[in-house]
Amino acid sequence: MTLPTLRIGALVLATPVVAAPVAGFTDAIFRDLVRRFGGCGLIFTEMISAGAWVEAKTLPDRLRGVESEARPLGVQLWDRAPDLIAEAAARLSVMRVSVIDLNFGCPKRRIMGKHAAGATLLRDPATIGRLVAAAVRGAGNIPVSAKIRLGPSFAARTAVEVARAAEANGAQAITVHGRTADQHYGVPCQLEMIAEVVRAVSIPVIANGDVHDAASALQTLRATGAAGVMVAREALVRPWVFREITAALHGEPVPSAPTLAEQRAMLLMHHGAMVARDGDRHGTIMMRKFASRYLSGIPGARPFRDAITRAGDTADFHAIVERFVPEEGREEPRVRDLRALFTP
Ligand SMILES: Cc1cc2nc3c(=O)[nH]c(=O)nc-3n(C[C@H](O)[C@H](O)[C@H](O)COP(=O)(O)O)c2cc1C
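Position labels on residues start from 1 in each chain and follow its written sequence. A pLDDT threshold of at least 70 governs which residues receive local features in this predicted model, and a stricter bar of 80 or more applies before side-chain atom pairs are shown or counted, although totals over entire chains, interfaces and linings include all residues. With hydrogens and water stripped out, all remaining heavy atoms of the structure feed into the side-chain values.

Undergrad: Talk me through the site of the ligand; I want residue IDs and the actual numbers.
TA: One heavy atom within 4 Å of a molecule or strand is enough for the residue carrying it to be called near that molecule or strand. Taken together, 16 residues surround the ligand, and among them Gln76, Tyr185, Asn208, Asp210 and Arg233 come closest. At 3.2 Å, a backbone N or O of methionine 47 approaches an oxygen atom of the ligand. Polar contact criterion, stated in full: a pair of N or O atoms within 3.5 Å, where within protein one must be able to donate a hydrogen and the other to accept it, and residues adjacent in sequence count only if both atoms are side-chain atoms. Residue glutamine 76 places a side-chain N or O atom 2.7 Å away from a nitrogen atom belonging to the ligand. All accessible areas in this document rest on Shrake-Rupley with a 1.4 Å probe, and a residue is counted as covered only by the protein chains that are shown. The protein chains hide 85% of the 620 Å² of surface that the ligand would expose on its own.

In structure tokens:
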């Protein structure tokens with residue numbers, strides 16, 4: 001399979017493999033980790049409330065450091081008010097982010113219900129069109145994209161109409177998660193419906209859902225005709241998955257996973273960066289959710305997970321890592337490039 005080129009407006013990605021916005025996870029430290037492993041063409045922030053940002057007049061924590069962060073970087077906004085989206089997009093264009101994405105896929109009750117945003121908006125392609133137009137107006141020459149599910153419910157699979165409305169109002173790319181909001185994660189992705197969206201628009205479509213390795217990425221690209229793939233949950237477990245997919249797209253052998261020693265180093269460095277940012281106790285608590293995903297598939301991972309989700313500070317954290325993943329003799333792990341990972 002030849003490597004497709006993924007262009008989002010004037011932005012040409014080095015590889016059509018994209019790291020998804022994942023609230024609670026894809027913060028600056030995690031984005032840095034993913035970039036260091038390589039193979040990822042574009043990475044997104046967590047979703048950011050345009051309204052909360054504009055009305056509070058302070059920079060959300062989720063945007064701290066974004067101005068000086070490596071590019072390309074996509075920032076995702078959510079809201080249902082065009083003025084707030086336009087203002088937030090204008091602020092992001094001053095920060096020179098690479099892509100501004102709008103969230104029309106979040107199935108959470110708080111976002112769909114209380115805020116009538118996220119995937120609720122899939123009921124209403126015209127409103128989505130107005131929100132995209134507002135973002136485009138605010139964004140100046142920064143490209144705007146939209147991230148959608150197949151519809152708000154299986155009975156209302158509106159993805160094609162929504163994608164057409166987004167395109168007609170200036171979106172430069174669309175990411176489609178191949179499930180409806182009411183399906184949450186309960187059924188396999190419906191790739192044929194992503195393919196329908198691909199056929200319905202002329203802007204690039206990024207296929208999303210259940211991509212967890214090189215084979216599933218190739219299969220998703222083949223089955224949908226999409227211009228790229230986006231990975232969310234697997235990146236939280238194996239942040240090196242992007243280099244595997246990119247290698248396969250180039251027809252190269254899939255690189256081996258980091259050794260256990262490298263994964264241990266990654267874990268300790270990730271924790272160190274969290275503590276440097278958030279303090280010993282809070283940083284350790286925030287690290288639990290990452291640590292409990294890493295090392296899965298390795299013998300002893302389950303008791304490690306159980307223990308690490310109770311770590312309260314650095315001493316605890318290090319003791320648990322030492323107990324389950326002791327440092328290997330004097331073997332020189334291939335972590336030289338990872339050593340610089342989390343140095344603040
Ligand atoms: C914990 C969690 C948080 C998420 N946060 C966001 C988000 O902030 N914005 C968004 O568009 N999608 C979000 N998603 C959805 C993912 O980006 C992605 O569309 C979905 O998980 C399907 O991809 P996957 O099969 O690769 O995980 C989130 C998913 C999870 C599991």
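Undergrad: Give a description of unusual backbone geometry that names residues and reports values.
TA: Between arginine 71 and proline 72 the backbone carries a cis peptide bond, its omega angle lying at 5 degrees. Helix numbers and strand numbers start at the N terminus; a helix is a DSSP run of H or I with at least 4 residues, a strand a run of E with at least 2. Position of proline 72 among the secondary structure elements: in the loop between α2 (50-56) and β5 (73-78). Phi is positive for alanine 116, close to 45 degrees, though the residue is something other than glycine. Relative to the assigned elements, alanine 116 resides in the loop between α4 (109-114) and α5 (125-139). In the Ramachandran plot, histidine 184 falls in the positive-phi region, its phi being about 45 degrees despite a non-glycine side chain.

Undergrad: Hey, could you go over the packing of helix α7 (residues 191-200) against helix α8 (residues 214-224) for me, with residue numbers and the actual values?
TA: Here an axis means a line fitted to C-alpha atoms, over the contact stretch when the element is a helix, while the angle between two N-to-C directions is reported on a 0 to 180 degree scale. Interhelical geometry of α7 versus α8 gives an angle of 50 degrees and a closest axis separation of 8 Å. Taken together, the axes of α7 and α8 are oblique relative to one another. Between α7, through Leu191, Ile194, Ala195 and Val198, and α8, the contact on the second element is made entirely by Gln219, Thr220, Ala223 and Thr224. Should an angle fall under 35 degrees it is taken as roughly parallel, and over 145 as roughly antiparallel, whereas 65 to 115 is taken as roughly perpendicular and any remaining angle as oblique. Residues are treated as being in contact if the distance between any of their heavy atoms lies within 4.5 Å.

Undergrad: Go over the pairing of strand β8 (residues 173-177), please, and point to the residues and values.
TA: For β8, a buried count of five out of five residues is recorded, marking the element as mostly surrounded by other parts of the structure. Residue alternation in β8 divides its side chains into two sets, Ala173, Thr175 and His177 and Ile174 and Val176, and both sets are buried. What makes two strands pair is DSSP finding at least two bridges between them. As paired strands, strand β7 (residues 144-149) and β8 are joined by five bridges and run parallel to one another. By the bridge assignment, isoleucine 148 is partnered in β8 with valine 176. Following the chain from β7 across helix α6 (residues 159-168) to the adjacent parallel β8, one finds a crossover that is right-handed. Relative to strand β9 (residues 205-208), β8 runs parallel, the two sharing four bridges. Considered in β9, the bridge of histidine 177 is made with asparagine 208. Here, the term right-handed applies to a crossover whose path from the first strand over the helix to the second runs clockwise when the strands point away from the viewer. As a crossover connection, the stretch from β8 through α7 into β9 is right-handed. Categorising residues by exposure relies on relative accessible area from a 1.4 Å probe, with only protein chains included: less than 20% of the type maximum marks a residue as buried, more than 50% marks it as exposed, and the intermediate range marks it as partly exposed.

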